[in-house]
Amino acid sequence: MGKLDGKSVIVTGASRGIGEAIAKCVAAEGGRILCVARTLTEGSHPFPGSLESTVSAIRQAGGEATALPADLTDPAECRRVVDEARRIYGPVDVLVNNAALAVLQHVHKFPYSRWLRSFQIMVHAPFVLSQAVLADMVPRKSGAIVNISSGSAVGPGSAPYPQQSVNLPGFAGYGAAKAALERFTQGLAEEVKDDNIAVTSLAPSIFVSTAGAVFHRGARYIGDENGEPPEWMARATLLLATEPPEKVNGTVTYSQKLLLEYGVIEQGAGWGAERPGSGFSRI
C-alpha cells in the first residue's frame, strides 16, 4: 500500500530533472500524477527529457500519470492546470511547485523581460496554483503544497566577499525569486494552520546534476558524482507531502537535512547538513 494511494497530485516542471524524479517517486507511492511542463515531446527542447517520456516511464512501472503542456507564466494556464487535474483525477490533494527558470546573469546585463518571466514562473505561478488548489483543500481539511526552492535563496552576506562564494555572481535574480517563494511558503502555512494542510519548502543541499546544472556549469555532466541525485529531492518531497501537517507545516528545509532526520541517509553535506540555510528555516 502506497503513501499516496488514489491521491490527485500536480507536479510542475515534470519533464526532466528534479520534477521528473518527484513525479516518478510520487507515482510509485500510488499518486495519480498530472505532469506539467512546457516540453511535451522529446527533441522539442535543447535539454533531454519530456512530459511524454516521464509519463511513459511512470506507466511502464505500473503508475498513473497524464501529461499536460502549459505555459505557467499565464495565470489562466495555471488555473487550467488545476481544472484539468480535477477533471482527470478529482480534487487536488498534493501540489508540487517545481517549475523554474534559471537566468544566471549579472544584474546590469539582465533583460527586464527575462527578470519578469523568472518571477512569473517561480513566484506568481505558485501563488495562482496554490490559490486554485486551496479551493479543494480547505473545504476538505486536507492537502499538501511543496514548493521547490534553492540554496541560492540564501544571500552571500556582507562584504568582504571571498574569491569563491557559495552564491556565485549571476544568482541575484534567481536567488531573489526563490527567497520570495520561501517567504510565501511560510506566510501561506500560517494562514492554513487550522485547515490540516501542510505548506512547505524544500531545496537541494548541494547541486543536483541535471541537464540544467550542466548547462549553467554547476555540474560537469549529468549524474556528476560530486552532486546530489535528483532521487534524494524526490524522497524528501514525498516526506513533506505525506507527513502529518502539524509536524511539517511551515518548514523551509533542505534535502539532506530531512533525509538525515528520517534515517534515509547516514551522512549529509551542503545546506542544512554542514551549514545553516535560509533565515526562514527551522535550522
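Only a predicted model underlies this, so the values are computations on that prediction, with no experimental measurement involved. Every chain is numbered on its own, with residues counted from 1 as its sequence reads. Given that the model is predicted, a residue must reach a pLDDT of at least 70 before its local features are reported, and side-chain atom pairs must reach 80 or more before they are shown or counted; all residues, however, enter totals for whole chains, interfaces and linings. In computing side-chain values, all of the structure's heavy atoms are included and hydrogens and water are not.

### Here's the deal with the nonpolar core
Step number 1: Definition used in this section: a nonpolar core is a set of buried Ala, Val, Leu, Ile, Met, Phe, Trp, Tyr and Cys residues joined via side-chain atoms within 4.5 Å. Relative accessibility under 20% of the residue-type maximum defines a buried residue, over 50% an exposed one, and the middle range a partly exposed one, all with a 1.4 Å probe and only protein chains included. Ranked by size, the top nonpolar core spans 37 residues in total, and within it Val-11, Ile-22, Ile-33, Cys-35, Val-94, Ile-148 and Leu-202 carry the most contacts.
Step number 2: Filtering out sequence-adjacent residues up to four positions away, Leu-202 remains in contact with Val-146, Asn-147, Ile-148, Ser-149, Met-233, Ala-236, Thr-237, Leu-240, Thr-253, Tyr-254 and Ser-255.
Step number 3: In terms of nonpolar packing, the next biggest core, distinct from the first, is built from 35 residues, Leu-68, Leu-95, Leu-129 and Val-133 among them. A contact between two residues is defined here by any heavy atoms of the two lying within 4.5 Å.

### Some words on the sheet that holds strand 4 (residues 94–97)
Within a sheet, adjacent strands bond to each other through the backbone by hydrogen bonds, running parallel or antiparallel.
Step number 1: For two strands to be treated as a pair, DSSP must find no fewer than two bridges joining them. In this description a helix means any DSSP run of H or I spanning at least four residues, a strand means any run of E spanning at least two, and both kinds are numbered starting from the N terminus. Pairing is parallel in the open sheet, where seven strands are placed in the order 3-2-1-4-5-6-7. Every interior strand has two partners, whereas the edge strands, strand 3 (64–69) and strand 7 (252–254), have only one. The sheet shows a mean angle of 20 degrees between the axes of neighbouring strands, direction not considered.
Step number 2: Strand direction decides the pairing type here: strand 5 (residues 143–148) and strand 6 (residues 197–203), joined by six bridges, are parallel. Considered in strand 6, the bridge of Ala-144 is made with Ala-198.
Step number 3: Where helix 7 (residues 230–242) meets the sheet, it contacts strand 4, strand 5, strand 6 and strand 7, and its direction lies at approximately 160 degrees from that of strand 6. Angles run from 0 to 180 degrees between N-to-C directions of axes, and those axes are lines fitted to C-alpha atoms, restricted for helices to the stretch in contact.

### Section: the pairing of strand 4
Step number 1: Residues Val-94 and Val-96 point to one face of strand 4 and Leu-95 and Asn-97 to the other, with burial holding for every one of them.
Step number 2: Sheet analysis places strand 1 (residues 8–12) next to strand 4, joined by three bridges and oriented parallel. Considered in strand 4, the bridge of Ile-10 is made with Leu-95.
Step number 3: Judged from the four bridges that link them, strand 4 and strand 5 form a sheet pairing that is parallel. Among the inter-strand pairings, Leu-95 is bridged to a residue of strand 5, identified as Ile-145.
Step number 4: When the strands point away from the viewer and the path from the first strand over the helix to the second turns clockwise, the crossover is right-handed. At this point the chain moves from strand 4, through helix 4 (residues 112–140), to the parallel strand 5, and the crossover so formed is right-handed.

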